[in-house]
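Each chain, written out:
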Amino acid sequence: MSPLDHKLLRDLWRMKGQALAIAVVIAVGVMMLVMMTGLVSSLGETRAAYYERYRLADVFAPVKRAPERLATRLAQISGVASVETRITGRALIDLPDRSLPVQAQALSLPEHRRPALNDIYLTHGRFPALGHTDEIVLLQSFAEAHGLQPGGSLAATMNGSRREFHIVGLAQSPEFLYVTAPGELVPDDARFGVIWMSRPGLAAAYDMDGAFNEALLGLARGATADAVLDQVDRLLASYGGTGGYLLEDQISDRFITEEISGLQAASKGVPPIFLAVAAFLLYIVITRIVQSEREEIGLMKAFGYSNIEVGSHYFKMVLIIALGGAVLGCLAGIASGRAMISLYGAYYKFPFLVFRLDPASFVTGVTVSVLSASAGGLVVLRQVFALTPATAMRPPAPPDYSRTKGAGKYLTQLLDQPSRMVLRRLTRQPVRMVGAMTGIACGMALSVAMITIYAGFDRTIDLTFSVVDRSDLTVTFTQPASNKTLFEMRRIPGVHRVEAVRHVPVILRHGLYSHRGAITGLPPTPVLNRALDAETSAIAMPQTGIVLSSVLAKILQIEAGETLTVEVREGRQPVLQIPVAGIAQALLGSPAYMDLEALNRVLREPGQVSGAYLSIDTARADKIYETLEDMPLVAGLSLKEEAREAFEVLMNTGAGAIRYVMGAIAFVITFGIVYNAARIAYAERTRDLASLRVIGFSKSETAFVLLGELAVVTLISLPVGALMGYYLSFGIAAGFSTDLYQIPVVLDPVSYGQAILVVLTAAVVSGWLVKRDLDRSDLIIALKTRE
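Since the structure is predicted, the reported quantities are computational estimates derived from the model, not experimental observations.

> Describe in detail the overall build of the chain, supporting the description with residues and values.
In terms of helices and strands, the chain carries 24 helices and 20 strands. When each of the 787 residues of the chain is scored for burial, the buried share is 54%. Residue pairs in contact within the chain that sit at least 24 positions apart in sequence constitute 82% of those at least 6 positions apart. When the accessible surface of the chain is split by element, carbon and sulfur atoms take 58% of a total near 34,100 Å².

> Lay out the environment of Leu473 in plain terms, naming residues and giving numbers.
Relative to the helices and strands, Leu473 is located in strand 12 (residues 473–482). Distance from Leu473 to Lys640, taken between C-alpha atoms, is 5.9 Å for residues 167 residues apart in sequence. Look past the residues within four positions of Leu473 in its chain and what remains in contact with it is Leu100, Ala612, Tyr613, Leu614, Tyr625, Leu628, Leu637, Ser638 and Leu639.

> Hey, could you go over helix 6 (residues 225–236) for me, with residue numbers and the actual values?
Counting along an α-helix, one turn takes 3.6 residues, and residues three or four places apart therefore face a common direction. Here helix 6 spans 16 Å end to end across 12 residues, near enough to the 16 Å set by a 1.5 Å rise per residue. When we look at burial in helix 6, the residues that qualify are Ala225, Val228, Leu229, Val232, Leu235 and Leu236. Seen along its axis, helix 6 keeps its buried residues to an arc of 130 degrees; they face one direction. Along helix 6, exposed side chains directed more than 90 degrees from the buried face belong to Asp226 and Arg234. Residues of helix 6 that are buried in the fold lie against strand 1 (59–67), helix 3 (70–75), strand 2 (80–86), strand 10 (211–219) and strand 11 (245–246).

> Can you explain a negative patch on the surface? Please cite residues and give values.
Where like charges cluster on the molecular surface, the negative patch consists of Asp226, Asp230, Glu248 and Asp249. Relative to the elements of secondary structure, Asp226 occurs in helix 6. Given the relative accessible area of 53%, Asp226 is considered exposed.

> Account for the packing of helix 1 (residues 3–14) against helix 9 (residues 307–347), naming residues and giving values.
At a closest axis distance of 10 Å, the pairing of helix 1 and helix 9 adopts a crossing angle of 40 degrees. Between helix 1 and helix 9, the interaxial angle falls into the category oblique. Both helix 1 and helix 9 take part in a crossing whose hand is right-handed. Across the interface between the two elements, Leu4, Asp5, Lys7, Leu8, Asp11 and Leu12 from helix 1 touch Glu309, His313, Tyr314, Lys316, Met317, Ile320 and Ile321 from helix 9.

> Can you lay out the packing of helix 8 (residues 294–302) against helix 9 for me, pointing to particular residues and giving the numbers?
In the contact formed by helix 8 and helix 9, the axes pass within 9 Å of each other and the chain directions differ by 140 degrees. With respect to each other, helix 8 and helix 9 are oriented oblique. Crossing geometry of helix 8 relative to helix 9 is assigned as right-handed. Counted together, Ile297, Met300 and Lys301 of helix 8 and Asn307, Val310 and Tyr314 of helix 9 form the full contact between these two elements. For the contact of helix 8 with helix 9, the residue count by class is 4 nonpolar, 1 polar and 1 charged.

> Describe the environment of Leu357, with residues and values.
Along the chain, Leu357 turns up in the loop between helix 9 and helix 10 (359–386). On the accessibility criterion, Leu357 (38% relative accessible area) is partly exposed. A sequence separation of 24 residues divides Leu357 from Gly333, and the C-alpha atoms of the two residues are 9.4 Å apart. The contacts of Leu357, once residues within four sequence positions are left out, are Ile334 and Phe362.

> How would you explain the nonpolar core if you had to name every residue and give the values?
Ranked by size, the top nonpolar core spans 70 residues in total, and within it Leu39, Tyr344, Phe350 and Ile440 carry the most contacts. In terms of residue count, helix 2 (residues 16–53) provides more of this core than any other element does, 11 residues in total. Once you skip the residues sitting within four places of it in the chain, Leu39 turns out to touch Leu263, Gly337, Met340, Ile341, Tyr344 and Phe355. Formed by 39 residues, the second largest nonpolar core is a distinct cluster that contains Ile136, Phe165, Ile195 and Ala203.

> Explain the pattern of salt bridges residue by residue, including any values.
Overall, the coordinates contain 18 salt bridges when judged by the stated rule. Here Lys316 ties to Asp5 by a salt bridge, and the two come within 3.1 Å at their closest N and O atoms. Of the two residues, Lys316 sits in helix 9 while Asp5 sits in helix 1, which places them 311 residues apart along the sequence. The partly exposed category is assigned to Lys316, whose relative accessible area is 37%. Given a relative accessible area of 23%, Asp5 falls into the partly exposed group. A salt bridge links Arg199 to Glu68; its shortest N-O distance comes to 2.6 Å. Note that Arg199 is positioned in helix 5 (residues 199–206) and Glu68 in the loop between strand 1 and helix 3, a separation of 131 residues in sequence.

> I'd love a proper account of the sheet that holds strand 11, names of residues and values included.
Pairing is antiparallel across the open sheet formed by 4 strands, whose spatial order is 2-10-1-11. Whereas interior strands pair on both sides, the edge strands pair on one side only; in this sheet they are strand 2 and strand 11. In terms of strand pairing, strand 1 meets strand 10 through 6 bridges, oriented antiparallel. Following the sheet pairing, Phe60 is matched in strand 10 by Leu216.

> Provide a residue-level description of unusual backbone geometry, including the pertinent values.
Its identity is not glycine, yet Gln557 carries a phi of approximately 55 degrees, on the positive side. Checked against the element boundaries, Gln557 lands in the loop between helix 16 (550–556) and strand 16 (563–568). A positive phi angle is found at Arg604, which is not glycine, with a value near 60 degrees. Inspection of the secondary structure assignment puts Arg604 in the loop between helix 17 (596–603) and strand 19 (608–616).

> Which residues make up the packing of aromatic side chains, and what values do they have?
Under the criterion given, the structure shown has 9 aromatic pairs. Relative to Tyr348, the ring of Tyr178 lies with its centre 6.3 Å away and its plane at 40 degrees, an arrangement referred to as tilted. With a gap of 170 residues between them, Tyr178 in the loop between strand 8 (161–172) and strand 9 (192–198) and Tyr348 in the loop between helix 9 and helix 10 connect regions that are remote in the sequence. Accessibility classification places Tyr178 together with Tyr348 in one group, the buried group.

> Describe in detail the side chain of Arg199, supporting the description with residues and values.
A residue is classified by how much of its surface remains accessible, and Arg199, at 19% relative accessible area, is buried. Apart from the residues lying within four places of it in its own chain, the contact partners of Arg199 are Glu68, Thr85, Arg86, Ile87, Ser108, Leu109, Ala211 and Phe212.

> Can you break down the pairing of strand 13 (residues 495–510) residue by residue, with the values?
Strand direction decides the pairing type here: strand 13 and strand 19, joined by 6 bridges, are antiparallel. By the bridge assignment, Arg497 is partnered in strand 19 with Ser615. Where strand 13 meets strand 14 (residues 513–522), 9 bridges bridge the pair, whose relative direction is antiparallel. Looking at strand 14, one finds that Arg502 is bridged to Gly521. Hairpin geometry of strand 13 and strand 14 is characterised by an intervening segment of 2 residues between the two adjacent antiparallel strands and by a positive phi of about 65 degrees at Gly511. The pairing of strand 13 with strand 16 spans 4 bridges and is classified as antiparallel. Note that in strand 16 the partner of Ile507 across the bridge is Glu567.

Criteria and cut-off values
- Residues numbered from 1 in each chain as written.
- Predicted model: local features only at pLDDT ≥ 70, side-chain atom pairs only at ≥ 80, totals over all residues.
- Heavy atoms only, no water.
- Helix = DSSP H or I, 4+ residues; strand = E, 2+ residues; numbered from the N terminus.
- Buried < 20%, exposed > 50% of the residue type's maximum accessible area, 1.4 Å probe, protein only.
- Contact = heavy atoms within 4.5 Å.
- Areas by Shrake-Rupley, 256 points an atom, 1.4 Å probe, with all protein chains shown as cover.
- Expected span 1.5 Å × (residues − 1).
- Arc of directions from axis to C-beta.
- Patch = residues over 30% accessible without salt bridge, like charges linked within 9 Å, V, L, I, M, F, W, Y side chains within 5 Å.
- Salt bridge = Lys/Arg side-chain N within 4 Å of Asp/Glu carboxyl O.
- Lys, Arg positive; Asp, Glu negative; His and termini not counted.
- Charge placed at Lys NZ, Arg CZ, Asp CG, Glu CD.
- Axes fitted to C-alpha atoms, helices over the stretch in contact; angles between N-to-C directions.
- Parallel < 35°, antiparallel > 145°, perpendicular 65-115°, else oblique.
- Left-handed = near helix turned anticlockwise from the far one by under 90°.
- Nonpolar A, V, L, I, M, F, W, Y, C, P; charged D, E, K, R; others polar.
- Core = buried A, V, L, I, M, F, W, Y, C linked by side-chain atoms within 4.5 Å.
- Pairing = 2+ DSSP bridges.
- Phe/Tyr/Trp six-rings, centres within 6.5 Å; stacked < 30°, edge-to-face > 60°.

As structure tokens, this is what we get:
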């Protein structure tokens, strides 16, 4: 081993704390890259394999009632490879452990064969036997949530008729990776079930003998999806077709696609932040080392070492720290990826989900970490090459602290000697102080942003379920009905208030932009479920025009005053031109609102409603649920408190849980930055501090000279970091927001206070570690000239 390599090992051991802190920051960036690319690969490949093996349809075409013979004509459409017709219906399941019936979707299975499309994966039991119309297969996640097993039984209300069924099997389906009730966005295994049963049994329940109400189509390779959709819609229009849609618009696929896209974006945007911070820290550390080792560099050059050899010595230090961090990050990425994949396995209902490593992420992570670290190191190497032996071996001129004028003289009279030393250091070396302040401010900004996001999640839940939705119970009808139905609900004992609502499925278009969703018709001044403006004040429904949520307005690139094309997907299916009357603030979903009477007027269907919001007496809740369930028109009941609990679970254990990982990482970076700032200051002033001890300063006074500087820089960094964190919060909030929920930026003093505590805690711990080393330092060794 060469002498320079011996020196390298000694230097690394001497600065092991700093090297470890920088390596951890690099490791965090590489870990995020490996974990996120692995999750993208795992989710994407597993989804593709699952879809292919169980033949998930490319086109879904709902219809009111169409004869079975139409399947032949659908199969003859150019670009269609396979067709499967089926019967679907909504049901209410009665369970002994719940007073509120559970919404469910009933789907038919062919009697003599497996489905050509949308096949199911049988996990337990068997398929319904031929001719046994009372046998069913249940969605596994729903069955597990309620402790149901094959061999058991349950009661369900279908089309107003209550029936008893025998459970013969449990299954999963690629159609239900993301399980949520119709009209809702939040998944909850306990609140929505899927029933598969023989087609004759379901046909009898919904009067569909010899007919179907949904067609599934598989497309041939190279087929034009839009052209196929147009032909399918024309063919089914006379039978009550409500408009076909592609797999990308199916709710389950839509949300998992969005999750994968979010992970892809995060894998490209998040790791560079950490690697840039690491490069910045390495640049500072290596710069200070070169400055403190001027004489050693001159001595090495005088002994005949070339610029390349001396530069390589310091560059090796950068590479060892970077490679160490990259390897640590790869290992941490594997561990964290396996931990996160189990969370996604519970959230998305795959039969299996194994964390798949993406080899490219290892190559990318190591390469990028080395290059980013090298970028900081190469800048420093220019200083090494510029030093000649004569210049380098001459100690730099000490700074002149003798000239103090004006305010300086006045402060000198007020401050004691250690305080004046701290002040001189701050004022005479502003570039170094600004560098340290910038680093700590960046850590403060990360902490502010992440803690603000925590408050944003809480704000989303509070606004959605306390301010927007003030009802207790939501009732959904099987089809639009007369508003006279509401009078029956008002007469139910314990019902305090009933508020009508109508949801109309539509496709909204503006220029090149479109969105498949629904228009919600509300009373002129709604009370139980309201639209809010940006100041969270209730919006009165305008007599003409439509009110769009801010998210939807952004999707459609439209503003108030412009005209929106509305393609209605129920009833006569008119195409309407409706002006945008206003923009509302929505944190859950992307709704559009209209006055209920105005909506019915443009549809030429006066007095129609599709559901109601109820305020009820909870003491009479069980009787109210029972009465509502017996009403033939009622398709589903949703309790707001259960929806809130499901949303909180989603935030804490679903996709939103990654914010805790990001918060922990923000703390790691903050601590790494503060600790490195303290260690660098200590390394620069080791001889000066030892000299102070020799001339009579106590350990406390000496530590004050060092740590006072850190304290002042940290305190100055707090407001700067708070301001940076405010703007950073908007970017991170946008990254966490999805079509399911929007995360607002909340200016909460508590959040900023918590972020300040994080930075101060990091500063105190760093200061304690540095003071401990200072107290243990050997004065003789510190005062010797290093050679």
